[in-house]
2 protein chains.
Amino acid sequence: MFVAEGIKTVEELLGSHFRSESIYTTHPELLEGSAVEWNQITPSELRRMSSLKSPNRVLGVFHIPPPARIDLTNWVVVLDGVKDPGNLGTIIRLCDWFGITQLVCSRDMVDCYNAKVFQATMGSIARVNINYAELLRVLKESTHGIFGAFMEGQNVYEEPLPEAGILVMGNEAIGVSKEVEALLTKKIGIPQFGAKTTESLNVAMATAILLNEIRRTSETG
Amino acid sequence: MFVAEGIKTVEELLGSHFRSESIYTTHPELLEGSAVEWNQITPSELRRMSSLKSPNRVLGVFHIPPPARIDLTNWVVVLDGVKDPGNLGTIIRLCDWFGITQLVCSRDMVDCYNAKVFQATMGSIARVNINYAELLRVLKESTHGIFGAFMEGQNVYEEPLPEAGILVMGNEAIGVSKEVEALLTKKIGIPQFGAKTTESLNVAMATAILLNEIRRTSETG
């Protein structure tokens, strides 16, 4: 099970396939009209339960749903060792924005129901099917192109992207692992316009830009 | 003055127009070959001086340079009330990546030499001219188009973007202020492909995508 905080997130989960175990609130009127049962608690009880600096009136305990089978027929995002919980949460939110329903994480990655990740997703986690899996096995199953993000990759502006495929994003410090790299169809990169001394883009930023490129291709042809 | 931590960042600043006041290190061999004078300190002294959980061997005190005059002849990013230090730091880094040298912040915003902002910029701050200014005055001086990011803005994929202009990004919660909105040439937005219940994109993500759109236009025509 995991904990979700804030009325907006709890409401999104209640309206999704997630099953709630128990809901606690200091403001029952917020849950009026919803079919769920709640427990009224005091602000000091909420402070003890919450992992937030400013607890947000509603806290829900939900069951972690079993992930659905990975659907490889559309674009899939594969994360190879992304370590920062904020980056993972942001990437889940980006997948949701760009209509990517399949996210695959390597088994060494932080749990997506970790409080820090979960809060960064802003409820998007309910709409993205997240699997922790052996990446090599998943990549070998795909019949579509596998594109890995690399600093020195092919300029994505000049690269025709297909209607379906896999986008692989690597670890913050060391990038994509050698074993995964060996299975790539192509390395793609985002052109740099500033001084060449600039640090590489953060992995969440790069994911934002590459998902935008993938969707603009299918929109504008 | 402000504090910069880590050998990479300190070296970048030493190689830039920033003037150092004093440099402290637990590992003098890291600064061998650089012309700067340093003070050797113990790890426990560094821990007391550092604002990082894991202090990073080198710490420099630098003078805040006076900002250069705002140059409106190229693309300029204008931030209207962005509150989160991490978002500001990330946006500075994005400006640097995309070769945007002019960043203008509204006067209510967090100081860019704040430790949290500064660390998030990864040294990029040395290559972006940041002015805190009265936004209305700056916008009225521009002879180029002024584009504001809005959820309901014109689809940026279909919007021809000029070679120079101003991109306005608003506050995390309330967006662009009414006064600034009144001066916009056009509202632009990033198409959403997921469920319409999704939260808007985080302001740093949206900036990443819009700067990418601006640069891909000038690259690919």
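It should be noted that the structure appears before, not after, this text.
Residues numbered from 1 in each chain as written. Chains lettered and ligands numbered in written order. Predicted model: local features only at pLDDT ≥ 70, side-chain atom pairs only at ≥ 80, totals over all residues. Heavy atoms only, no water.

Enquirer: Quick rundown of the overall build of chain A? Include the residues and the values.
Expert: When helices and strands are counted, chain A shows 7 helices and 10 strands. C-alpha extents for chain A along the principal axes are approximately 55 × 40 × 35 Å. Put simply, chain A has 221 residues, and 56% of those count as buried. Restricting to contacts in chain A with at least 6 residues of sequence separation, those with at least 24 account for 77%. Accessible surface, chain A: about 10000 Å² in total, of which carbon and sulfur atoms supply 51%. Both charge centroids of chain A, one from 20 positive and one from 26 negative side chains, sit 2 Å from each other. (Helix = DSSP H or I, 4+ residues; strand = E, 2+ residues; numbered from the N terminus. Buried < 20%, exposed > 50% of the residue type's maximum accessible area, 1.4 Å probe, protein only. Contact = heavy atoms within 4.5 Å. Areas by Shrake-Rupley, 256 points an atom, 1.4 Å probe, with all protein chains shown as cover. Lys, Arg positive; Asp, Glu negative; His and termini not counted. Charge placed at Lys NZ, Arg CZ, Asp CG, Glu CD.)

Enquirer: Give a description of the packing of helix H7 (residues 203-220) of chain A against helix H7 (residues 203-220) of chain B that names residues and reports values.
Expert: Running from N to C, H7 of chain A and H7 of chain B point in directions that differ by 55 degrees, and their axes come no closer than 9 Å. Considered as vectors, H7 of chain A and H7 of chain B are oriented oblique to each other. Between H7 of chain A and H7 of chain B lies a crossing of right-handed hand. Only Ala-204, Met-205, Ala-208, Ile-209, Asn-212, Glu-213 and Arg-216 of chain B of H7 of chain B make contact with H7 of chain A, whose side of the interface consists of Ala-204, Met-205, Ala-208, Ile-209, Asn-212, Glu-213 and Arg-216 of chain A. (Axes fitted to C-alpha atoms, helices over the stretch in contact; angles between N-to-C directions. Parallel < 35°, antiparallel > 145°, perpendicular 65-115°, else oblique. Left-handed = near helix turned anticlockwise from the far one by under 90°.)

Enquirer: Describe the pairing of strand E8 (residues 145-155) of chain B, listing the residues and the values that go with them.
Expert: Residue and element names in this part refer to chain B. The buried fraction of E8 amounts to 8 of the 11 residues, a majority that puts the element mostly inside the structure. In this structure, E8 lies alongside strand E9 (residues 165-170), joined through 4 bridges in parallel fashion. Among the inter-strand pairings, Gly-148 is bridged to a residue of E9, identified as Val-168. Pairing analysis gives 5 bridges linking E8 to strand E10 (residues 186-189), with the strands arranged parallel. Bridge pairing in E10 places Phe-147 opposite Lys-186. (Pairing = 2+ DSSP bridges.)

Enquirer: Now, about the interface of chain A and chain B: what can you tell me, with residues and values included?
Expert: If you look at the interface, chain A gives 37 residues, while chain B gives 37 residues. Together chain A and chain B conceal approximately 3500 Å² of surface at their shared face, both sides included; 61% is due to carbon and sulfur atoms. At the boundary of chain A with chain B, the tally comes to 2 salt bridges. A salt bridge links Glu-213 of chain A to Arg-216 of chain B, with the nearest nitrogen and oxygen atoms 2.6 Å apart. Our enumeration of links across chain A and chain B arrives at 14 residue pairs in polar contact (both at pLDDT 80 or more). Put simply, the parts of the chain that give the side of chain A that touches chain B at least two residues each are helix H1 (7-14), helix H3 (85-97), strand E8 (145-155) and H7 of chain A. Ranked by residues supplied to the side of chain A that touches chain B, first place goes to H7 of chain A with 10 residues. Partitioning the side of chain A that touches chain B into residue classes produces 15 nonpolar, 12 polar and 10 charged. (Buried area = accessible area lost by both parts, 1.4 Å probe. Salt bridge = Lys/Arg side-chain N within 4 Å of Asp/Glu carboxyl O. Polar contact = N/O pair within 3.5 Å; in protein donor to acceptor, adjacent residues only side chain to side chain. Nonpolar A, V, L, I, M, F, W, Y, C, P; charged D, E, K, R; others polar.)

Enquirer: Before we move on, can you summarise the state of the cysteines with the specific residues and values?
Expert: Overall, the coordinates contain 0 disulfides over all chains when judged by the stated rule. Cysteine Cys-112 of chain B is unpaired, with the sulfur of Cys-105 of chain B as its nearest cysteine sulfur at 6.4 Å. (Disulfide = S-S within 2.5 Å.)

Enquirer: Mind laying out unusual backbone geometry, listing which residues take part and the relevant values?
Expert: Look at Arg-57 of chain A: it is not a glycine, yet its phi comes out positive at around 65 degrees. Along the polypeptide, Arg-57 of chain A turns up in the loop between helix H2 (43-49) and strand E4 (58-62).

Enquirer: Any details on the pattern of salt bridges? Residues and values, ideally.
Expert: All names here are of chain A. Taken as a whole and assessed by the stated rule, the structure comprises 16 salt bridges over all chains. Its salt-bridge partner being Arg-127, residue Asp-96 comes within 2.7 Å of it at the nearest N-O pair. Taken together, the residues span a long stretch of sequence, with Asp-96 in helix H3 and Arg-127 in the loop between helix H4 (115-121) and strand E7 (129-133) at a distance of 31 residues. Residue Asp-96 is classed as buried on the basis of its relative accessible area, which comes to 3%. Via salt bridges that share partners, Glu-12, Asp-96 and Arg-127 belong to a single interconnected network.

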